[in-house]
Amino acid sequence: MALLKDLFIGLSQNQILNSAAKKYGLKLGAQNVVAGTNVEETIQSIKELNAHGISCTVDNLGEFVFEKVEATKAKEQILDVVEAIHTHEVDAHISLKPSQLGLDIDYDFCLENLREIVAKASSYDIFINFDMEDYDRLQASFDLLETLSEEYSNIGTVIQAYFFRAEEDIQKYKNYRLRIVKGAYKESEEYAYQNKKDIDKNYIELIEWHLLNGKFTSIATHDHVVINHVKEFVKVNNISNDKFEFQMLYGFRTDMQLSLAKEGYNFCTYVPFGDDWYGYFMRRLAERPQNLNLVVKQVFNK
Ligand code: FAD
């Protein structure tokens with residue numbers, strides 16, 4: 001299992017395969033977990049989820065952005081999504097990755113791109129989540145968040161439970177709307193738990209702490225053990241449903257997504273779209289090699 005995880009994480013970082021994948025549209029089963037390649041298809045998917053009482057967070061997929069022109073293009077695409085969410089009056093907000101907006105090129109350039117997006121979203125009362133990437137970008141992403149929160153309040157971020165520093169971060173950022181996840185990247189044992197048991201334990205502790213002390217908690221997991229634990233914890237501690245939501249990725253455990261929404265919990269589906277699907281898809285295979293079923297089914301269904 002660990003070998004497969006490393007293999008898929010390695011593949012997710014392969015820039016040649018990433019560029020090749022962009023040219024061929026959604027392939028290998030990625031179409032089951034990526035909502036579409038353009039804004040129109042994505043809005044349609046959001047409307048379908050909204051009809052089931054599910055809100056959405058929309059991610060315009062994009063990785064390996066090392067040229068300003070690409071980051072500017074990504075910014076324009078995200079601004080289009082913000083406009084479309086407003087025009088179609090759908091229940092959705094934005095998830096974005098600072099690296100897609102130029103963090104690896106120049107911090108101030110990235111800050112300006114983010115400022116433009118956050119400002120426009122703020123004028124429409126749309127929330128923007130800064131997704132968290134790998135450790136090398138962690139502190140810079142928090143810095144961007146802090147700087148922009150001096151001007152805007154429609155922003156929040158992610159706490160990754162595999163980092164030793166997560167406990168400190170969650171306390172520092174408790175007044176933000178926070179998504180809490182286990183963590184998707186391969187990180188060094190210098191600063192991250194490696195063992196599933198340790199990560200799961202820290203994950204539960206962080207969720208409980210933020211539910212009791214934080215502003216609003218998004219519990220982003222497909223793990224039914226964690227979800228059942230949270231259901232019990234909020235009941236015992238009298239935490240009302242408007243203080244938290246569950247989140248899952250588009251195309252995963254769809255039955256559970258629908259049933260949680262039906263049970264009356266706030267539910268938000270993470271909806272990725274775009275032609276830059278390759279790295280996202282490989283990370284999903286790394287998390288759960290059983291997801292290879294998606295690939296196998298696709299190959300044999302031709
Ligand atoms: P796992 O630990 O992968 O699985 C636990 C158990 O749950 C499994 O053993 C199995 O029993 C069950 N299970 C899991 N998946 C399935 C399935 N598909 N079908 C049936 N059973 C299943 N990571 C980041 O680093 N940064 C981010 O910004 C970020 N944002 C995210 C946003 C959302 C909405 C979600 C859902 C995840 C995000 N992640 C992010 C990824 C996250 O960090 C984990 O890598 C990912 O969610 C896998 O962990 P898990 O908690 O879902 O459960």
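Residues numbered from 1 in each chain as written. Predicted model: local features only at pLDDT ≥ 70, side-chain atom pairs only at ≥ 80, totals over all residues.

An unreviewed UniProt entry lists the protein under the name proline dehydrogenase, from Sporosarcina siberiensis. Here the protein is described in UniProt, under the heading Catalytic activity (unreviewed entry), as follows: "L-proline + a quinone = (S)-1-pyrroline-5-carboxylate + a quinol + H(+)". If you open the UniProt record of the protein and go to Cofactor (unreviewed entry), you find "FAD". (UniProt positions renumbered as here; feature names shortened; annotations may be inferred.)

Draft legend 1. The environment of Lys243, seen in detail. Tracing the chain through its elements places Lys243 in the loop between α9 (224-236) and β7 (244-249). Along the sequence, Lys243 and Arg177 sit 66 residues apart, while their C-alpha atoms lie 9.7 Å from each other. (Helix = DSSP H or I, 4+ residues; strand = E, 2+ residues; numbered from the N terminus.)

Draft legend 2. Representation of the site of the ligand in the model. Around the ligand lies a shell of 21 residues, among which Val181, Ala184, Ala220, Thr221 and His222 are the nearest. A per-element tally of the shell around the ligand places β7 first, with 3 residues. When its residues are assigned to classes, the shell around the ligand shows 10 nonpolar, 5 polar and 6 charged. (Near = placed C-beta within 6 Å. Nonpolar A, V, L, I, M, F, W, Y, C, P; charged D, E, K, R; others polar.)

Draft legend 3. Region of the structure containing the pairing of strand β2 (residues 92-96). Extensive coverage of β2 is indicated by the burial of 5 of its 5 residues. Neither face of β2 is open: one carries Ala92, Ile94 and Leu96, the other His93 and Ser95, and all of them are buried. Crossover strand β1 (residues 55-60) to β2 through helix α4 (residues 68-88) is right-handed. Of the pairings in the sheet, the one linking β2 to strand β3 (residues 128-130) comprises 3 bridges and is parallel in character. In the strand pairing of β3, Leu96 is matched with Phe130. (Buried ≥ 20, exposed ≤ 12 C-beta atoms within 10 Å, placed from the backbone. Right-handed = clockwise from strand over helix to strand, strands pointing away. Pairing = 2+ DSSP bridges.)

Draft legend 4. Molecular detail of the sheet that holds strand β5 (residues 177-181). Taken in spatial order, the 8 strands close into a barrel running β1-β2-β3-β4-β5-β6-β7-β8, and their pairing is parallel. Between one strand and the next, the sheet's axes are offset by a mean angle of 30°, whatever the strand orientation. Note: β7 against strand β8 (residues 267-273), 4 bridges, orientation parallel. Paired with Leu249 across the strands is Tyr270, a residue of β8. Contacting β2, β3 and β4 (155-160), helix α5 (residues 107-123) runs over the sheet at an angle of about 150° to β3. The sheet strands contacting helix α6 (residues 138-149) are β3 and β4, and the helix crosses β4 at an angle near 155°. (Axes fitted to C-alpha atoms, helices over the stretch in contact; angles between N-to-C directions. Contact = placed C-beta atoms within 7 Å.)

Draft legend 5. How the structure looks around α9. Helix length check: α9, at 13 residues, gives a terminal C-alpha distance of 18 Å against a target of 18 Å (1.5 Å per residue), a fit within 8%. After α9 finishes, the residue Asn238 shows a positive phi value of roughly 55°. (Expected span 1.5 Å × (residues − 1).)

Draft legend 6. Looking closely at the packing of helix α8 (residues 196-213) against α9. Relative to each other, α8 and α9 sit at 30°, their axes nearing to 11 Å. In terms of orientation, α8 lies roughly parallel with respect to α9. Crossing of α8 against α9: the hand is right-handed. Here Tyr203, Ile204, Ile207, Glu208 and Leu211 of α8 come into contact with α9, specifically with Val226, His229, Val230, Phe233 and Val234. Here the contact of α8 with α9 is composed, by residue class, of 8 nonpolar, 1 polar and 1 charged. (Parallel < 35°, antiparallel > 145°, perpendicular 65-115°, else oblique. Left-handed = near helix turned anticlockwise from the far one by under 90°.)

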